[in-house]
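Structural overview for review
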Number of protein chains: 2
Amino acid sequence: MAQETFIPHLKKTSKNMQFLKNSNRSAVLCALALKKASNRTELASYLNLTRMAISNIVNELRDHAIILEVSSTENEGEMDHIPNGRPPKQLMLADWSISVICINIRRYSVSCMLMDINGNTKPPMTRCLPAHADNAFLMETVIKLIEEARETFPKIPIIGIGVSSIGPLDIYQKHLLNPPDFRNIRDVDIGAPLEERFHLPVYLDNDMNCSALAELYFGAGTACRDLVFLGFSAGVGAGIIMNEKILHGFGGFAGEVGHISINPIGPPCPCGQKGCIELYTRGENILENTGAASFEELNALLDQENPPRFVLNSIKQYIDAMHTLMVAAANSYDPNIMILGDIDIAFIKRFIPDLEEYMNSHMLNHGYKHIKVIPSALAEAASLYGAGSIVLQRVFEGELSLPMPCGG
Amino acid sequence: MAQETFIPHLKKTSKNMQFLKNSNRSAVLCALALKKASNRTELASYLNLTRMAISNIVNELRDHAIILEVSSTENEGEMDHIPNGRPPKQLMLADWSISVICINIRRYSVSCMLMDINGNTKPPMTRCLPAHADNAFLMETVIKLIEEARETFPKIPIIGIGVSSIGPLDIYQKHLLNPPDFRNIRDVDIGAPLEERFHLPVYLDNDMNCSALAELYFGAGTACRDLVFLGFSAGVGAGIIMNEKILHGFGGFAGEVGHISINPIGPPCPCGQKGCIELYTRGENILENTGAASFEELNALLDQENPPRFVLNSIKQYIDAMHTLMVAAANSYDPNIMILGDIDIAFIKRFIPDLEEYMNSHMLNHGYKHIKVIPSALAEAASLYGAGSIVLQRVFEGELSLPMPCGG
């Protein structure tokens with residue numbers, strides 16, 4: 001573990017030699033963190049760089065105890081299969097050499113967790129947001145959680161703080177705007193107070209975008225470049241990853257697929273439209289419509305030999321809306337995989353074969369591609385992992401650099 | 001005009017010195033072509049590069065007669081307003097120094113046009129696709145059009161061929177797949193025969209994506225980074241530009257917003273769903289539903305003091321569907337502007353104030369942003385301009401480089 005605490009800084013992208021060095025180093029960190037390469041030869045091939053360029057970067061990061069080099073003889077077995085010469089030394093990023101603080105702001109609670117560049121985590125800590133919680137209470141809670149995390153693990157060098165939150169947000173100003181039904185909390189500057197208090201860069205993004213990125217890096221989407229994460233809790237929304245980046249749109253509001261109106265005579269939605277997808281597919285409406293108190297209860301009902309008729313009717317309406325949503329998302333974004341999350345995994349899993357079949361046979365241009373549907377691998381932790389992932393993405397893209405002797 | 005014909009070549013992106021040089025030169029070409037900067041100072045500021053770096057690139061391109069340097073004294077007026085010293089020399093790209101061939105494959109015709117990096121064009125030539133047209137006929141038509149264009153303007157150096165086409169397409173293999181109702185044409189390799197015949201790189205993309213990029217470069221979206229182009233001819237689809245790039249998705253099929261089902265008891269759609277947006281909003285259905293033979297006739301009907309009741313009812317249904325479509329597109333992609341095209345401009349223009357108002361008051365998170373709605377500036381030529389634009393984008397991104405003495 002690197003004992004020295006790095007103080008990172010932000011810089012503008014200028015395409016000079018420094019940019020080049022920084023960009024290639026970031027690419028090496030990314031390739032090793034996300035397991036796209038595990039030795040110098042693979043790095044050179046994956047990044048289309050010379051062995052010399054790779055070696056310069058790897059040696060420098062090794063000297064800073066960020067990269068560990070392991071002779072394969074130190075590993076178990078497999079020596080017999082090397083055809084000739086010594087096996088290449090395996091490279092890995094040292095656990096906790098580059099680490100981030102993850103904050104997840106939910107409607108009724110705030111969580112904090114330390115995560116490193118390999119996706120290792122420390123146990124999260126959660127505090128409730130009581131009914132009287134206001135802006136000051138929220139920020140005090142966040143700050144206390146971060147202080148506790150740092151005090152508990154004082155030797156872990158932190159390079160940034162990522163915050164995932166219910167929206168709407170101004171992700172550029174790092175402000176929480178005006179989420180509906182959110183205690184007495186609205187119009188909160190998240191970024192500046194944390195940056196001032198902790199002297200670390202702070203990034204903010206909505207929970208769906210964060211979850212999507214976390215699945216790309218550490219969850220169900222590690223083999224993909226283009227994925228859609230659909231979340232179904234209090235609202236329905238999507239986090240879209242296109243070409244390994246979050247699709248933000250102009251104001252950071254892209255992915256609100258829950259507010260596509262799919263029925264002109266459907267019930268009114270607070271957004272002003274009628275029959276929005278969200279009204280048929282969000283978690284609390286499913287429970288209300290089936291009369292179940294929880295997803296455990298609903299799962300038990302559905303496991304019965306003859307589930308009640310009204311439950312089946314309600315599930316039919318739910319599945320019809322899910323069909324429309326998933327075809328709409330497939331046609332709008334054309335992802336490689338679609339991940340369903342932010343909902344009881346045992347419940348959603350039972351419908352996945354049908355949903356995947358329907359979507360793939362009803363999306364336009366079907367027959368030319370197949371979109372895989374899978375449940376979230378990170379489940380309820382997706383958004384918390386995602387908070388850290390938005391910081392790591394800045395490292396991988398060279399926007400957030402580690403101050404090394406040679407610059408950065 | 002540069003008299004020498006450049007033979008460009010493709011190369012892999014490798015982040016070495018050559019990449020840097022190429023990347024910065026491409027950025028200069030892009031900034032000048034798209035009027036983001038017009039002298040060395042503005043270039044340095046816009047691209048965050050040193051004056052020295054800019055001068056090296058500018059001088060090299062000037063020596064190749066690609067950049068023209070014009071003293072402001074040669075321009076009209078404005079001298080009085082320069083506070084001190086000589087005014088900076090204006091830079092511009094020489095007309096027809098970097099040029100492309102644009103091919104647009106439509107359902108009943110093929111068009112060909114020469115375009116340069118500044119968006120200047122030569123008059124297009126169009127050939128019909130008769131009922132008996134098959135794959136061979138299509139490719140012979142395209143090849144003949146290109147030969148004619150080159151013979152007509154033999155001194156214009158061409159760097160690539162762009163093809164925009166009705167879909168579905170495999171844009172990566174450069175194949176036209178199986179468009180519905182497309183003569184006897186299906187499964188056509190577009191790329192290889194043209195590359196072999198003309199020794200030029202060929203790019204293929206669908207008409208909506210091409211139109212969107214053309215509007216970004218030369219049309220209604222030049223001030224934007226994130227836009228949605230909605231087209232309403234035989235089908236309804238979208239071209240999405242996010243962060244100045246086409247949003248393709250995994251297979252190149254993104255943007256098919258015409259096949260979002262907005263009415264579960266609507267008419268059946270050939271895609272397999274019911275009540276798809278396309279059924280209510282595509283050009284031919286509007287005419288059929290209002291009983292008008294053409295948009296000229298429909299416009300005349302709507303200009304009457306008391307248009308027929310059934311026409312108004314039909315228009316009401318059309319507008320309701322447009323509302324749902326545009327809110328869905330705003331919520332899904334969060335663009336800065338939305339461009340309506342591939343339809344009679346006089347017809348669509350009359351509804352734009354209502355559409356813009358409805359969308360901006362019904363999209364989620366309204367109040368935090370305003371999306372402007374505008375008619376296509378390139379109108380029926382958007383897709384043809386777009387064919388050239390997908391080649392220029394490769395130049396701007398450094399993927400397609402001009403072979404210069406110093407490499408590229």
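Refer to the structure presented above.
As the structure is a computational prediction, the values presented were derived from the model and not from experiment.

Take the overall build of chain A next. When its secondary structure is counted, chain A shows 13 helices and 17 strands. With the principal axes as the frame, chain A shows a C-alpha extent of 65 × 55 × 40 Å. By residue count, 59% of the 408 residues in chain A fall in the buried class. In chain A, the share of contacts with a sequence separation of at least 24, taken over all contacts with a separation of at least 6, comes to 66%. Carbon together with sulfur atoms contributes 52% to the accessible area of chain A, which is approximately 16,900 Å² in total.

Moving on: the interface of chain A and chain B. If you look at the interface, chain A gives 54 residues, while chain B gives 54 residues. Each partner contributes to the roughly 4,500 Å² buried at the junction of chain A and chain B, and carbon and sulfur atoms together form 58% of this total. On the surface where chain A and chain B come into contact, there are 0 salt bridges. For the pair chain A and chain B, the number of links is 18 residue pairs in polar contact (both at pLDDT 80 or more). Class assignment for the residues of the side of chain A that touches chain B results in 23 nonpolar, 25 polar and 6 charged.

We now examine the packing of aromatic side chains. By the definition in use, this model includes 13 aromatic pairs over all chains. Arranged with centres 6.0 Å apart and planes meeting at 75 degrees, the rings of Tyr 217 of chain B and Phe 218 of chain B form a pair that is edge-to-face. On the basis of relative accessible area, Phe 218 of chain B is assigned to the buried category, the value being 19%. For the pair Phe 295 of chain B and Phe 347 of chain B, a centre-to-centre distance of 4.9 Å together with 50 degrees between the ring planes defines the contact as tilted. Residue Phe 295 of chain B is found in helix α9 (residues 295–303), and its partner Phe 347 of chain B is found in helix α11 (residues 345–349); the two are separated by 52 residues along the sequence. A network of ring pairs unites the aromatic residues Phe 295, Tyr 318, Phe 347 and Phe 351 of chain A as a single cluster. Positioned above the aromatic ring of Tyr 203 of chain A, the side-chain terminus of Lys 174 of chain A is 5.5 Å from the ring centre.

Our next topic: the relation of the copies chain A and chain B. Relating one copy of the chain to the other takes a rotation about an axis and a shift parallel to that axis. Once chain A has been moved 0.0 Å along the axis and rotated by 180 degrees, it coincides with chain B to within an RMSD of 0.0 Å. As the rotation angle and translation indicate, the two copies are arranged about a two-fold axis. Residues of chain A ranked by C-alpha distance from the rotation axis are headed by Ile 262 of chain A, positioned 2.0 Å from it.

With that settled, the discussion passes to the sheet that holds strand β6 (residues 125–128) of chain B. Residue and element names in this part refer to chain B. With mixed pairing, 5 strands are arranged side by side in an open sheet as β6-β5-β4-β7-β11. Each of the sheet's edge strands pairs with one partner strand only, and the pair in question is β6 and β11 (202–206). Across this sheet, the average inter-strand angle for adjacent strands is 20 degrees, counted without regard to direction. Direction of pairing for strand β4 (residues 99–105) relative to strand β7 (residues 158–165): parallel, over a ladder of 7 bridges. By the bridge assignment, Ile 103 is partnered in β7 with Val 163. Across the sheet, helix α6 (residues 207–218) touches β5 (109–116), β7 and β11, and the angle it forms with β11 is around 105 degrees. Lying over the sheet, helix α13 (residues 382–396) contacts β4, β5, β7 and β11, oriented at roughly 130 degrees with respect to β7.

All right, on to the sheet that holds strand β9 (residues 175–176) of chain B then. Residue and element names in this part refer to chain B. Spatial strand order, β8-β9-β10: 3 strands in an open sheet with antiparallel pairing. Of all strands in the sheet, those bounded by a partner on one side alone are β8 (169–170) and β10 (188–189). As paired strands, β8 and β9 are joined by 2 bridges and run antiparallel to one another. The residue bridging Leu 169 from the neighbouring strand is Leu 176, located in β9.

Our next topic: the side chain of Gln 273 of chain A. Mapped onto the elements, Gln 273 of chain A comes out in the loop between β14 (245–246) and α7 (277–281). Taking relative accessible area as the criterion, Gln 273 of chain A reaches 4% and is therefore assigned buried. At 2.9 Å, the side chain of Gln 273 of chain A and the backbone oxygen of His 259 of chain A are in polar contact. Sequence-distant contacts of Gln 273 of chain A, defined by excluding residues within four places in its chain, comprise His 259, Ser 261, Pro 267 and Pro 268 of chain A together with Thr 324, Val 327, Tyr 358 and His 362 of chain B.

Moving on, we come to α13 of chain B. All names here are of chain B. Counted at 1.5 Å a residue, the expected span for α13 with its 15 residues is 21 Å, and the 19 Å between its end C-alpha atoms agrees. Burial runs high along α13: 14 of the 15 residues are buried. Just beyond α13, the residue with positive phi is Gly 398, at close to 80 degrees.

All names here are of chain B. Inspection of every chain in the model, using the stated rule, returns 32 salt bridges over all chains. For Lys 174, the salt bridge is made with Glu 195, and the minimal N-O distance between the two is 2.9 Å. Pair noted here: Lys 174 is in the loop between β8 and β9 and Glu 195 is in helix α5 (residues 191–198), with a separation of 21 residues, a long-range link. For Glu 195, a relative accessible area of 27% puts it in the partly exposed group. The partner of Asp 187 in a salt bridge is Arg 186, and the shortest N-O contact between them spans 3.4 Å.

Residue and element names in this part refer to chain B. Looking at the element boundaries, Ala 149 is found in helix α4 (residues 135–152). Residues Ala 149 and Gly 231 lie 82 residues apart in sequence; the distance between their C-alpha atoms is 28 Å. When residues no more than four places from it in sequence are discounted, the contact partners of Ala 149 are Cys 112, Leu 114 and Met 125.

Residue and element names in this part refer to chain A. Following both chains from N to C, one finds helix α9 (residues 295–303) and helix α10 (residues 309–333) inclined at 110 degrees, their axes separated by 10 Å at the closest point. Taken together, the axis directions place α9 and α10 in an arrangement best described as roughly perpendicular. Listed contacts from α10 to Leu 298, Leu 301 and Leu 302 of α9 are Val 311, Leu 312 and Ile 315. A class-by-class count of the residues in the contact of α9 with α10 yields 6 nonpolar, no polar and no charged.

Moving on, we come to the side chain of Asp 226 of chain B. All names here are of chain B. Locating Asp 226 in the fold gives a position in the loop between α6 and β12 (227–232). This buried residue, Asp 226, is left without a salt bridge; Arg 225 holds the nearest opposite charge, at 5.1 Å. Only 2.8 Å separates the side chain of Asp 226 from the backbone nitrogen of Asn 243, close enough to count as a polar contact.

Here we take up the pairing of β11 of chain B. All names here are of chain B. Buried residues dominate β11, accounting for 5 of its 5 residues. Along β11, one buried face is formed by Val 202, Leu 204 and Asn 206 and the opposite face, lined by Tyr 203 and Asp 205, is buried too. Pairing between β7 and β11: 5 bridges, direction parallel. Bridge assignment links Ile 161 to a residue of β11, and that residue is Val 202.

What follows deals with the environment of Thr 152 of chain A. All names here are of chain A. Within the secondary structure, Thr 152 is located in helix α4 (residues 135–152). Residue Thr 152 is classed as partly exposed on the basis of its relative accessible area, which comes to 49%. In the structure, Thr 152 is positioned 11 residues away from Thr 141 in sequence and 16 Å away in space, judged by C-alpha atoms. Within polar-contact distance, the side chain of Thr 152 engages the backbone oxygen of Glu 148 at 2.6 Å.

So, about the nonpolar core. The nonpolar side chains of a soluble globular protein tend to be buried, and buried together. Grouped together as the largest cluster of nonpolar side chains are 100 residues, with contacts concentrated most on Leu 230, Leu 340 and Phe 347 of chain A together with Leu 230, Leu 340 and Phe 347 of chain B. Not counting the four nearest positions on each side in its chain, Leu 340 of chain A is found in contact with Leu 230, Phe 232, Met 322, Met 326, Ile 345, Ile 348, Ile 352, Leu 355, Val 373, Ile 374, Pro 375 and Ser 376 of chain A.

Scoring rules and cut-offs
Position numbers for residues start from 1 in each chain and track the written sequence from start to end. Labels are handed out in written order, letters beginning with A for the chains and numbers beginning with 1 for the ligands. Thresholds applied to this predicted model are a pLDDT of at least 70 for local features of residues and 80 or more for the giving and counting of side-chain atom pairs; totals over whole chains, interfaces and linings are not thresholded and use all residues. Only hydrogens and water are set aside when side-chain values are computed; all heavy atoms of the structure are taken into account. Only DSSP runs of H or I covering at least 4 residues are called helices, and only runs of E covering at least 2 are called strands; the numbering of each starts at the N terminus. Burial classes follow relative accessibility: with a 1.4 Å probe on protein chains only, a residue under 20% of its type's maximum area counts as buried, one over 50% as exposed, and anything between as partly exposed. Every residue pair with non-hydrogen atoms within 4.5 Å of one another is taken to be in contact. Residue burial considers only the protein chains on display, and all accessible areas are found by Shrake-Rupley using a 1.4 Å probe. Here's the idea: put two parts together, see how much 1.4 Å probe accessible area each one loses, and the total over both is what we call buried area. For this document, the term salt bridge refers to a Lys or Arg side-chain nitrogen within 4 Å of an Asp or Glu carboxyl oxygen. Polar contact criterion, stated in full: a pair of N or O atoms within 3.5 Å, where within protein one must be able to donate a hydrogen and the other to accept it, and residues adjacent in sequence count only if both atoms are side-chain atoms. When residue character is reported, Ala, Val, Leu, Ile, Met, Phe, Trp, Tyr, Cys and Pro are called nonpolar, Asp, Glu, Lys and Arg charged, and the others, Gly included, polar. Whether two aromatic rings pair depends on their centres lying within 6.5 Å, for rings of Phe, Tyr and Trp, where Trp uses its six-membered ring; planes under 30 degrees apart make the pair stacked, over 60 edge-to-face, and the rest tilted. Two conditions define a charge sitting above a ring: the NZ of Lys or the CZ of Arg must be within 6 Å of the ring centre, and it must be within 35 degrees of the ring normal. The copies are overlaid by a least-squares fit using only the C-alpha atoms of residues whose pLDDT is at least 70 in both copies. Each pair of strands is called paired provided DSSP finds at least two bridges between the two strands. Each axis is a line fitted through C-alpha atoms, and for a helix only the stretch in contact is used; angles between axes span 0 to 180 degrees, taken between their N-to-C directions. The span you would expect from a helix comes to 1.5 Å times its residue count less one. In what follows, roughly perpendicular refers to angles from 65 to 115 degrees, roughly parallel to angles under 35, roughly antiparallel to angles over 145, and oblique to any angle outside these ranges. His is not counted here, nor are the chain ends, while Lys and Arg score as positive and Asp and Glu score as negative. By convention a nonpolar core is built from buried Ala, Val, Leu, Ile, Met, Phe, Trp, Tyr and Cys residues, the set being connected through side-chain atoms within 4.5 Å.

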